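Structural characterization, general
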Amino acid sequence: MSLMGALYVGTSGLQTGQNALNTTAHNMSNIDTVGYTRQQVQLGTRFYNTISKTGSANAYQQIGLGVNYSNVKQVRDYFLDKTYRRESGRGSFYDTSVEAVEEVEDLFQELQGETFSEALDNLWVSVQELTKDPSSAVDQGVFVQRCYEFIERAGSVYQGLSEYQDNLNFKIKEQVETINKYGERIKELNDEILMIESAKFEKANDLRDERNHLIDELSKMGYISVDEDAQGYVTIQFEGNDFVKDDMVNRIEVKADELTGFYTPYWDKFADKVMKPDGTIDVKIDGAEVYNMQQVISSDMNTDIGALKAMLFARGTDRATYEDLADEQHYETNISQSVIMNVQAEFDQLVNKIVNAINGVLKDSADAAQAANPNSTYLRDESGQPYQVFNLIADVKDENGNPYFTVENIIINGELKQAPSLLGFIKEDGKVDQETVDKLKDLFTQELYTLNPKVKTKTNFLNYYNNLISQVANTGSVMKGISENQQITVDSTAAAREQILGVSSDEELSNMIMFQNAFNASSRYINAVSQMLEHIISTLGR
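Structural notes, computed from the coordinates.

Thoughts on the packing of aromatic side chains
For the structure on display, the rule yields twelve aromatic pairs. Between Tyr-449 and Phe-461, the ring centres sit 4.5 Å apart and the planes meet at 10 degrees, which makes this aromatic pair stacked. Taken together, the residues span a long stretch of sequence, with Tyr-449 in the loop between α10 (434–443) and α11 (461–501) and Phe-461 in helix α11 at a distance of twelve residues. There is no split in this pair, since Tyr-449 and Phe-461 are both buried. Linked through ring pairs, Phe-108, Phe-116, Phe-150, Phe-347 and Tyr-465 together constitute an aromatic cluster. Lys-417 extends its terminal NZ or CZ atom over the ring of Tyr-148, reaching a point 3.8 Å from the ring centre.

Quick look at the structure:
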């Protein structure tokens, strides 16, 4: 090799050493950067100059042209990436579910300083006191007042559950917007990476880091699958449908229910859009929904992944009432898997049963008195109707033709609230109606009720509420246990992944010393060649 050519060999060593040092410094400067992937230098040889080809020789006579800084690759593990994204999505599902249960627990524990159980206990105590002296105007007044407090507290609990549904509904819309934003940015990064790497001279590693970080965040919101082609273009499926593909993003939109305002996420490309006569667009989303709200939640089927799904199931599809417990199949497929709807329905059933039972006792006594004496006005108002402690806000019948006494459709009888002594409990013959107030007392101890169609053990009013609270607590305990175990899985997977893609300061410092020594060696090599050239020129010049 000529001495001039040898200079180029040394120069390649200097350039490669400098570039390798830059890569190492880049790793060190991003050691705490979220989403950063360690970059690894790959070195190769430049082309060889062939001096001679001899058939009898074992190899051609060649002279190397130096070292080549061939590639800077990211160090990642596809299996660990896939596992981490799946498990972090599952962790987000259970974390969100735990938050929903805890919110329900808080609603029942404290309402303006007093729990709902106190209102139920106070009503029970007022009935007990009434049985001691049914004719006491004071006890009658306390009874009506406790009925009023019971309805007020029940309304506060149900309103709290409904407001939390609305809060979740708002978060659902926000998260859908975030998902679309991530999808748009990933598409942009696909294009930028493809443009940079198509020249084959550079790797867009920092852009890849941003894209991988967005994919990690997206995996917490739903079940995704990711594929990367040979050109570095990433395609993503979200909940089994194409999301980022072929230079486009298939957006997720939301449609608000006309009655509740609850948002339903749907795939925009699958929805039918019809122009109305008034010029507005009517969107039909049947078959375009992102989620099947009747699917069974199971780890085996990977249906327990994603915070968005957890919020949808926790919120439910409607504001549940006691009617939702009438049919076991309906309850199983539409209510049981929603924490809030399940509690709403069971709580509403408790209030409905108590209200109907108290009104029923008064009506039966009034009807019995009239049956004995057609002219009887006992426990009847001026219009001849039996006194009812509880009235309907809106005169609606349920599917069985009974008054539609839901928590949101109950009001205390204004006439009795103003004058509780109208109840009297003194028959027209002057005798105290002990039988009626005893029936009121028996209402609270008769074991006739179940929480839901799946529960077969019957209970009374006093234990019903305790069973409801225990059910919520047990659900919360189970969810917390699953969430904690899942967090351990996520942490261990993240740690294993970090061992591969994370930056180790000790390793990078070792690399820095190695590349610095290589740089220094190339520098000394060039100095040696330069001195040889100078000596030859000086000698030949004499």
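Description of the packing of helix α2 (residues 78–109) against helix α6 (residues 307–315)
The description of two packed helices rests on the angle between their axes and on the distance between the axes. For the pair α2 and α6, interaxial distance at closest approach is 7 Å and the crossing angle is 30 degrees. By the angle between their axes, α2 is roughly parallel relative to α6. Both α2 and α6 take part in a crossing whose hand is right-handed. Counted together, Ser-92, Phe-93, Thr-96, Ser-97 and Ala-100 of α2 and Ala-307, Lys-309, Ala-310, Met-311 and Ala-314 of α6 form the full contact between these two elements.

A word on α10
Among the residues of α10, those classed as buried are Thr-436, Val-437, Leu-440 and Leu-443. Buried positions in α10, seen along its axis, are confined to an arc of 105 degrees and lie on one side of it. Tucked inside the fold, the buried residues of α10 contact α3 (116–132), α4 (137–197), α8 (339–372) and α11.

A closer look at the side chain of Ser-376
In this structure, Ser-376 sits in the loop between α8 and β13 (390–392). Owing to a relative accessible area of 4%, Ser-376 belongs among the buried residues under this scheme. A polar side-chain atom of Ser-376 sits 3.2 Å from the main-chain amide nitrogen of Tyr-378. There is a polar contact of 3.1 Å between the side chain of Ser-376 and the side chain of Glu-428.

Cut-offs and rules
Residues numbered from 1 in each chain as written. Predicted model: local features only at pLDDT ≥ 70, side-chain atom pairs only at ≥ 80, totals over all residues. Heavy atoms only, no water. Phe/Tyr/Trp six-rings, centres within 6.5 Å; stacked < 30°, edge-to-face > 60°. Helix = DSSP H or I, 4+ residues; strand = E, 2+ residues; numbered from the N terminus. Buried < 20%, exposed > 50% of the residue type's maximum accessible area, 1.4 Å probe, protein only. Lys NZ or Arg CZ within 6 Å of the ring centre and 35° of its normal. Axes fitted to C-alpha atoms, helices over the stretch in contact; angles between N-to-C directions. Parallel < 35°, antiparallel > 145°, perpendicular 65-115°, else oblique. Left-handed = near helix turned anticlockwise from the far one by under 90°. Contact = heavy atoms within 4.5 Å. Arc of directions from axis to C-beta. Polar contact = N/O pair within 3.5 Å; in protein donor to acceptor, adjacent residues only side chain to side chain.

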